[in-house]
Amino acid sequence: MDNIKAIYKLVSMCHIEEDWATLNFLQWFVKEQTGEENLAISLLDKIKNADGERATDDALYVFDKDLEKSHAM
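Parameters at a glance
For every chain, the first residue of the written sequence is number 1, and numbering continues from 1 onward in sequence order. For a predicted model such as this one, the threshold for reporting local features is a pLDDT of at least 70, and the threshold for listing and counting side-chain atom pairs is 80 or more; totals across whole chains, interfaces and linings nevertheless cover every residue. Water and hydrogen atoms play no part in the side-chain values, which are based on all heavy atoms of the structure. Secondary structure counts use DSSP, requiring at least four H or I residues in a row for a helix and at least two E residues in a row for a strand, with both numbered from the N terminus. What the globule rule says is 2.2 Å times the number of residues to the power 0.38, and the radius of gyration is computed from C-alpha atoms. Between buried and exposed lies partly exposed: a residue is buried under 20% and exposed over 50% of the maximum accessible area for its type, with that area taken using a 1.4 Å probe on protein chains only. Accessibility throughout is a Shrake-Rupley quantity obtained with a 1.4 Å probe, and a residue counts as covered only by protein chains that appear here. Neither His nor the chain ends contribute to the count of charged residues, in which Lys and Arg are positive and Asp and Glu negative. To locate a charge, the coordinates of NZ of Lys, CZ of Arg, CG of Asp or CD of Glu are taken. The axes used here are C-alpha line fits, helices contributing only the stretch in contact, and every angle between their N-to-C directions lies in the interval 0 to 180 degrees. Roughly parallel refers to an angle under 35 degrees, roughly antiparallel to one over 145, roughly perpendicular to one between 65 and 115, and oblique to any angle outside these ranges. It is the rotation of the near helix from the far one that decides the hand of a crossing: anticlockwise by less than a right angle makes it left-handed, clockwise makes it right-handed. Every residue pair with non-hydrogen atoms within 4.5 Å of one another is taken to be in contact. As a working rule, the residues Ala, Val, Leu, Ile, Met, Phe, Trp, Tyr, Cys and Pro are called nonpolar, Asp, Glu, Lys and Arg charged, and the rest polar, with Gly in that last group.

**A look at the overall build of the protein**
Of the regular secondary structure elements, the protein holds three helices and zero strands. Counted from the first residue to the last, the protein has its helices and strands arranged as α-α-α. Taking 73 residues into account, the globule formula puts the C-alpha radius of gyration at 11 Å, and the protein, at 18 Å, lies well above it. Its C-alpha atoms put the protein at 55 × 25 × 15 Å along the principal axes. Counting only residues that meet the buried cut, the protein has 15% of its 73 residues in that class. Surface exposure of the protein reaches about 6,100 Å², of which carbon and sulfur atoms provide 57%. The average position of the 8 basic charges and that of the 15 acidic charges among the side chains of the protein differ by 3 Å.

So this is what it looks like as structure tokens:
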């Protein structure tokens, strides 16, 4: 079971049990997991735009600089 499915299962259980304190605690994990998934999708899109496995050195350099900028924030 991947992380987000496990987290969503816990969230669902919190709703059923009306355990609002645990639900509130889990919201951080939901936000963190979805943020990481969005980052991964964004990186995949960027490498695809750079032509994936056939990317030129110049395209990979631009991709690397873009990564550097996004992690500097």
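**Brief notes about the packing of helix H1 (residues 3-17) against helix H2 (residues 20-49)**
For the pair H1 and H2, the least separation of the axes is 10 Å and the interaxial angle reads 155°. One finds that H1 runs roughly antiparallel with respect to H2. As H1 packs across H2, the resulting crossing turns out to be left-handed. Facing Asn3, Ile4, Ile7, Tyr8, Leu10, Val11, Cys14 and His15 of H1, the residues of H2 in contact are Trp20, Thr22, Leu23, Leu26, Phe29, Val30, Gln33, Thr34 and Glu37. Partitioned by chemical class, the residues of the contact of H1 with H2 number 11 nonpolar, five polar and one charged.

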